[in-house]
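Each chain, letter by letter, is given below.
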Amino acid sequence: MTDDRRLSDAQGRGRRRLLAAALTGMLVLAQLLLGAANPAGACACGAFIDPADERTGANVLRETAILSLHEGTETIVMGLALDGTRTGATLLMPTPSVPEVSTASSGTLREMQAATAPREVVEYDLWGDAPFLSGDGASGGAAPTEGTSVTVHEQSRVGDYEVAVLEGGADGVRTWLAANGYELAPSVSALLDPYVADGWVFTAVRYAADAELNGDVEPLRIDFASDELVYPMRLSQAATQDQHLSLFVISDQPVRRTDASAAGQQVQRPWIADPTREGWTWSDETLRELTGTADAEAGDSPAEHDRRRIVTEFSISGEPETFTEDLVFGPDPEAEHAVPTETVTETVTVAGIPVGWLLVAAAVVTVLALGTAAQVTAFHHQGVREVR
């Protein structure tokens, strides 16, 4: 074999190795492209749907509420879905004083849930999915009702609801409700006496006969005088299934449960913070009112500018027999700030291919190319020595 032939063979082998390296890199890229073409799906979903709640004689399918106590007036915005298929199905809401009942916007509850939703924490992923590696109305004033010991403070149409506010003896309240078509389960009726003994008032709520129940149902807003922040729950002892509530308390500082019945229930506080300090701006008029945002912007109260409105979210679950007391809330200034987070992974790509795998492919091609170049150089030097 001549010297020129040996040199030509060495150069040919070098070219073939370079071609093999290039093909290897292309195969790696092809695998990456196949993996990138089949990304794994992602799902983030959540909801609260409570079981049938028979404490009121109605079927409460969902229950959540916003609570606030300011200058002696408590406000409860309560979202319920009563069983609209049962004529007269009644929600009975006790309060320590005569309430003012009105409707609120369903957007109020939605915005509160959005304002206290977990904040996203982004993690950057250089690799993405690699399946080739894994293998696989008008109301009347208070008037005694003849023949009973009941005072009817209000009987009116409020949005989609018919509302009656009653005060008096337990027997009189039961008689009035039955006579006026408000259905109340016997197990609930038996629990009225303790509230009567405490001098509380009952608000009976049912869907109006001509109510249109398609889409969002208006929440109820109940305002009443109170010395403490309270959410009535003793009637829940009549329920046949565990109770689940989601409550959002608006106050100047974090709050905690102070009633004794809390010890027998599961109580969590997933959110304790001022949403406006976490990038939220209140837009719903009711929430702007309850948080003092509207007053602060109007300049009606200079103190409102410095007032922080903390939202403490409560997730409460318990067996019916544990609700022997109403839920009572008091200050908890030592509570730690709590803002839940959820991790969102973002894959860094170039032309749809995860950067990490591009770097691997580039490294493979580079190593093979350098190895081949070294071998070509060695063959070249060998050929030169043989020629000499």
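What you are looking at is a predicted structure, and each value in this text was computed from that prediction instead of being measured.

Moving on, we come to the nonpolar core. Judged by nonpolar contacts, the single largest core of 51 residues is most densely connected at Leu 67, Leu 177, Tyr 231, Leu 247 and Phe 329. For Leu 247, the contacting residues outside a window of four places in its chain are Ala 65, Leu 67, Tyr 231, Thr 312, Glu 313, Phe 314, Ile 316, Leu 327 and Phe 329.

Here the focus is the side chain of Thr 116. Locating Thr 116 in the fold gives a position in the loop between helix 2 (106–115) and strand 5 (119–125). Of the residues examined, Thr 116 reaches a relative accessible area of 5% and is grouped as buried. Setting aside chain neighbours within four positions, we find Thr 116 in contact with Phe 248, Trp 271, Val 311, Glu 313 and Pro 340.

Phi at Glu 71 is positive, roughly 50°, even though this residue is not glycine. Relative to the helices and strands, Glu 71 is located in the loop between strand 1 (63–70) and strand 2 (73–80). Using a relative accessible area of 74% as the deciding quantity, one classes Glu 71 as exposed.

This brings us to the packing of aromatic side chains. Taken as a whole and assessed by the stated rule, the structure comprises five aromatic pairs. Put simply, the rings of Tyr 195, Trp 200 and Phe 202 pair up and form one aromatic cluster. The aromatic ring of Tyr 195 is capped on one face by Arg 234, whose charged end is 3.9 Å from the ring centroid. Here Arg 234 stacks its cationic end above the ring of Trp 200, 5.7 Å away from the centre of that ring.

On to the sheet that holds strand 11 (residues 229–231), then. The strand order across the open sheet formed by three strands is 11-16-13, and the pairing between neighbours is antiparallel. Strands with a single pairing partner mark the edges of an open sheet, and in this sheet they are strand 11 and strand 13 (255–257). Going across the sheet, the axis of each strand differs from the next one's by a mean of 30°, ignoring polarity. Bridge count between strand 11 and strand 16 (residues 327–331): three bridges; the pairing is antiparallel. In the strand pairing of strand 16, Tyr 231 is matched with Leu 327.

Next up on the list: the pairing of strand 16. With four of five residues buried, strand 16 is to be regarded as a mostly interior element. Pairing of strand 13 with strand 16 involves three bridges; the strand directions are antiparallel. Each residue of the ladder has a partner; that of Val 255, found in strand 16, is Pro 331.

What follows covers the pattern of salt bridges. This structure, assessed with the given rule, holds twelve salt bridges. Residue Asp 223 is joined to Arg 221 by a salt bridge in which the shortest nitrogen-to-oxygen separation is 2.9 Å. The two residues Asp 223 and Arg 221 agree in class, both being buried. Notably, a salt bridge pairs Arg 288 with Glu 285, separated by 3.8 Å at the nearest N-O pair. Within this pair, Arg 288 and its partner Glu 285 are both found in helix 7 (residues 285–290), separated by three residues, close to a single helical turn. Since its relative accessible area comes to 14%, Arg 288 is described here as buried. One continuous salt-bridge network, built from bridges that share partners, spans Asp 171, Arg 174 and Asp 193.

Quick look at the confidence of the model for the protein chain now. Averaged over all residues, the pLDDT of the protein chain equals 77, while 68% of them reach at least 70. This stretch, residues 134–138, has a pLDDT under 50; its non-local contacts, to residues over four places away or in other chains, come to six contacts.

Within the secondary structure layout, Asp 210 lies in the loop between strand 9 (201–207) and strand 10 (220–225). Taking relative accessible area as the criterion, Asp 210 reaches 55% and is therefore assigned exposed. Taking the C-alpha atoms as reference points, Asp 210 and Asp 160, 50 residues apart in sequence, are found 8.0 Å from one another.

It is worth spelling out a nonpolar patch on the surface at this point. Together, Val 122, Tyr 124 and Val 348 make up a nonpolar patch on the protein surface, roughly 280 Å² of accessible area in all. Tracing the sequence through the fold places Tyr 124 in strand 5.

Moving on, we come to helix 2. Since the α-helix packs 3.6 residues into each turn, any two residues three or four apart lie on the same face. Most of helix 2 is tucked away, with seven of its ten residues classed as buried. Burial in helix 2 covers these residues: Ser 106, Gly 107, Thr 108, Leu 109, Glu 111, Met 112 and Ala 115. One side-chain oxygen at the N-terminal end of helix 2 lies 3.0 Å from the backbone nitrogen of Gly 107; it belongs to Ser 105.

Reading guide: rules and limits
- Residues numbered from 1 in each chain as written.
- Predicted model: local features only at pLDDT ≥ 70, side-chain atom pairs only at ≥ 80, totals over all residues.
- Heavy atoms only, no water.
- Core = buried A, V, L, I, M, F, W, Y, C linked by side-chain atoms within 4.5 Å.
- Buried < 20%, exposed > 50% of the residue type's maximum accessible area, 1.4 Å probe, protein only.
- Contact = heavy atoms within 4.5 Å.
- Helix = DSSP H or I, 4+ residues; strand = E, 2+ residues; numbered from the N terminus.
- Phe/Tyr/Trp six-rings, centres within 6.5 Å; stacked < 30°, edge-to-face > 60°.
- Lys NZ or Arg CZ within 6 Å of the ring centre and 35° of its normal.
- Pairing = 2+ DSSP bridges.
- Axes fitted to C-alpha atoms, helices over the stretch in contact; angles between N-to-C directions.
- Salt bridge = Lys/Arg side-chain N within 4 Å of Asp/Glu carboxyl O.
- pLDDT = per-residue confidence, 0-100.
- Patch = residues over 30% accessible without salt bridge, like charges linked within 9 Å, V, L, I, M, F, W, Y side chains within 5 Å.
- Areas by Shrake-Rupley, 256 points an atom, 1.4 Å probe, with all protein chains shown as cover.
- Polar contact = N/O pair within 3.5 Å; in protein donor to acceptor, adjacent residues only side chain to side chain.

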